[in-house]
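The primary structure of each chain is shown beneath.
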There are 2 protein chains.
Amino acid sequence: MSLRGVGADPRCRCIETESRFMGKLIKKVELFPPNPHCKDTEIIATLKHGGDKICLDSNAPWVKKVIDKILANKKP
Amino acid sequence: MSLRGVGADPRCRCIETESRFMGKLIKKVELFPPNPHCKDTEIIATLKHGGDKICLDSNAPWVKKVIDKILANKKP
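Residues numbered from 1 in each chain as written. Chains lettered and ligands numbered in written order. Predicted model: local features only at pLDDT ≥ 70, side-chain atom pairs only at ≥ 80, totals over all residues. Heavy atoms only, no water.

1. So, the side chain of B:E42
Residues and elements named next belong to chain B.
No. 1: Its place among the elements puts E42 in strand β2 (residues 42-47).
No. 2: The exposure class assigned to E42 is buried, which follows from its relative accessible area of 5%.
No. 3: Here the side chain of E42 touches C14 through a polar contact of 2.6 Å, landing on its backbone nitrogen.
No. 4: Not counting residues within four places of it along the chain, the set of residues in contact with E42 comprises C12, R13, C14, E30, L31 and F32. (Helix = DSSP H or I, 4+ residues; strand = E, 2+ residues; numbered from the N terminus. Buried < 20%, exposed > 50% of the residue type's maximum accessible area, 1.4 Å probe, protein only. Polar contact = N/O pair within 3.5 Å; in protein donor to acceptor, adjacent residues only side chain to side chain. Contact = heavy atoms within 4.5 Å.)

2. What about the state of the cysteines?
Residue and element names in this part refer to chain A.
No. 1: This structure, assessed with the given rule, holds four disulfides over all chains.
No. 2: A sulfur-sulfur separation of 2.0 Å characterises the disulfide bridge that pairs C14 with C55. Disulfide C14-C55: torsion about the S-S bond near -85°, hence left-handed. Here C14 is found in the segment before β1 (26-32), whereas its partner C55 is found in strand β3 (residues 53-56), with 41 residues between them in sequence. The pair C14 / C55 is uniform in exposure class, with both members buried.
No. 3: Here the disulfide map of chain A reads 1-3, 2-4, the bonded cysteines being numbered as they appear in the sequence. (Disulfide = S-S within 2.5 Å.)

3. Here's the deal with helix α1 (residues 61-71) of chain A
Since the α-helix advances by 3.6 residues per turn, residues separated by three or four positions end up pointing in the same direction.
No. 1: Turning to α1(A), its buried residues are A:W62, A:V63, A:V66, A:I67, A:I70 and A:L71.
No. 2: Positive phi shows up at A:N73, right after α1(A), with a value of about 70°.

4. Quick notes on the sheet that holds β2(B)
No. 1: Spatially, six strands are ordered β3(A)-β2(A)-β1(A)-β1(B)-β2(B)-β3(B) in an open sheet, and the strand pairing comes out antiparallel. On the outer flanks of this sheet lie β3 of chain A together with β3 (53-56) of chain B, each paired with one strand and no other. Each strand axis lies, on average, 25° off the axis of its neighbour in the sheet, ignoring direction.
No. 2: Two strands pair when backbone bridges link them, and strand β1 (residues 26-32) of chain B and β2(B) are joined in this way by six bridges, in the antiparallel orientation. Across the sheet, residue B:F32 finds its bridge partner in β2(B), namely B:E42.
No. 3: In this fold α1(A) packs onto β1, β2 (42-47) and β3 of chain A together with β1 and β2 of chain B, with an angle of close to 105° to the strand it touches most, β1(A). (Pairing = 2+ DSSP bridges. Axes fitted to C-alpha atoms, helices over the stretch in contact; angles between N-to-C directions.)

5. Digging into the interface of chain B and chain A
How big an interface is tends to be stated in terms of the accessible area lost upon association of its parts.
No. 1: Facing the 23 residues of chain B at the interface are 23 residues of chain A.
No. 2: Viewed at the interface, chain A and chain B are joined by four salt bridges.
No. 3: Residues B:E30 and A:K28 are paired through a salt bridge, measuring 2.8 Å at the closest nitrogen-oxygen approach.
No. 4: Across the contact surface, chain B and chain A share 12 residue pairs in polar contact (both at pLDDT 80 or more).
No. 5: It is β1(B) that provides the largest number of residues to the side of chain B that touches chain A, a total of seven residues. (Salt bridge = Lys/Arg side-chain N within 4 Å of Asp/Glu carboxyl O.)

6. Considering the confidence of the model for chain A
No. 1: Chain-level statistics for chain A give a pLDDT mean of 90 and a share of 92% at 70 or above.
No. 2: Model confidence for the complex: the whole-complex pTM is 0.90, and ipTM, which rates the interface, is 0.89. (pLDDT = per-residue confidence, 0-100.)

7. Quick look at the relation of the copies chain B and chain A
No. 1: At an RMSD of 0.0 Å, chain B and chain A line up after a rotation of 180° and a shift of 0.0 Å along the axis. Such a combination of rotation and displacement between the chain copies is what one expects of a two-fold axis. When C-alpha distances to the rotation axis are compared across chain B, the minimum falls at B:E30, with a value of 2.2 Å.
No. 2: The fraction of interface residues of chain B whose copies in chain A are also interface residues reaches 100%, indicating that both copies meet through the same surface. (Least-squares fit on C-alpha atoms with pLDDT ≥ 70 in both.)

What follows is the structure in structure tokens.
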């Protein structure tokens, strides 16, 4: 569990980030820009099969690559 | 309204995409990679104030720029 409970908690959502490659397991990626409740961008991936949510490390090179792949209309 | 109703509809979520610049209004961006229900990547932005959801055009240069900015830990 790398996220806080869902709700109106006015803090960062991510407690820790996953840096291992998870590209092939990703069903959806959510990007939250810096905002008054959290100074850093948060990237939350929802995984296929089960729908677990994990926080991704925006500095991990594979994360940027996976997002570029998705934007290029390819499967991660 | 550029999205179908939320639910288990096994088709693409986006009916049409917004190509006008919306960067400053974006609260969250969701990326859905190509999948068996939709052959193209779908990018759905949730807007500040009101939380409206709009589909973004993955080919619009500003969309890629906004996502790169978010990944670089900056506000779009």
